[in-house]
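Breakdown of the fold
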Amino acid sequence: MDSDNLVCLCALSKVFAYKSAVGRQLIDAFGGPAAVFAAPRSALRDALNHADEYVDALTAPGLLEWACTETEWAAAHGVDLLPCGSARYPFRLAQCDDAPLLLYCKGTADLNVPCVLSVVGTRKATWYGRTTCRKLVERLAGLPVRPLVVSGLALGIDGCAHAAALENGLPT
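Residues numbered from 1 in each chain as written. Predicted model: local features only at pLDDT ≥ 70, side-chain atom pairs only at ≥ 80, totals over all residues. Heavy atoms only, no water.

Positive phi outside glycine occurs at Asn 49, with the angle close to 50 degrees. Asn 49 gets classed as exposed once you look at its relative accessible area, which sits at 66%. (Buried < 20%, exposed > 50% of the residue type's maximum accessible area, 1.4 Å probe, protein only.)

If you want it as structure tokens, here you go:
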């Protein structure tokens, strides 16, 4: 994906963070991320069924500048931006209607391995919860098929799972 489309996709991802299906419909309707931002306001209103809050967000001054800064920051810090549908984007996630338009990824983990363990838990983890999480990940590391550990990276159980994965040589 060229840099203009990546910047525009980053901006769309910000606007449609929790409504990515709507962002995807716009991309399809206009023929690409950059084409969305080249469209006149009236066309955006029509495509969005007059949802002016989205039209206002898409035409807000500074949105594309923010997205440009965001993509530059990612490049400078070794963070890969993975557009939905790209080769490194998790194919299982891409099957969801509300799959994020863009993922941020740092490192070399293969996000399309056969076995993936998704961990979601409380941010205020108890000693018992952290201990159980560590033991679970440690036992999974001993299996012939070693899972990739993924989460939302929140504090608590999510972070504990990633730390345990690193301690046990699992990809995360």
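What follows continues from the structure just given.
Turning next to the pairing of strand 1 (residues 79-83). Where a strand is regular, its side chains alternate between the two sheet faces. Judged by how many residues are buried, strand 1 sits mostly within the fold: four of five residues are covered. Both strand 1 and strand 2 (residues 102-106) contribute to a ladder of five bridges, which runs antiparallel. Each bridged residue has a counterpart across the sheet, and for Leu 81 the counterpart in strand 2 is Tyr 104. (Helix = DSSP H or I, 4+ residues; strand = E, 2+ residues; numbered from the N terminus. Pairing = 2+ DSSP bridges.)

Let us now look at the nonpolar core. Leu 12, Phe 16, Leu 48 and Leu 58 are the most contacted members of the largest nonpolar core, which has 25 residues in total. Within the residue set of this core, elements represented by two or more residues are helix 1 (3-15), helix 2 (20-30), helix 5 (52-58), helix 6 (63-76) and strand 1. The biggest single contributor to this core is helix 1, with seven residues. Leaving out residues up to four positions away in the same chain, Phe 16 has contacts with Val 22, Gly 23, Leu 26, Leu 48, Tyr 54 and Leu 58. With 14 residues, the next largest nonpolar core counts Val 119, Cys 133, Val 137 and Leu 170 among its residues. (Core = buried A, V, L, I, M, F, W, Y, C linked by side-chain atoms within 4.5 Å. Contact = heavy atoms within 4.5 Å.)

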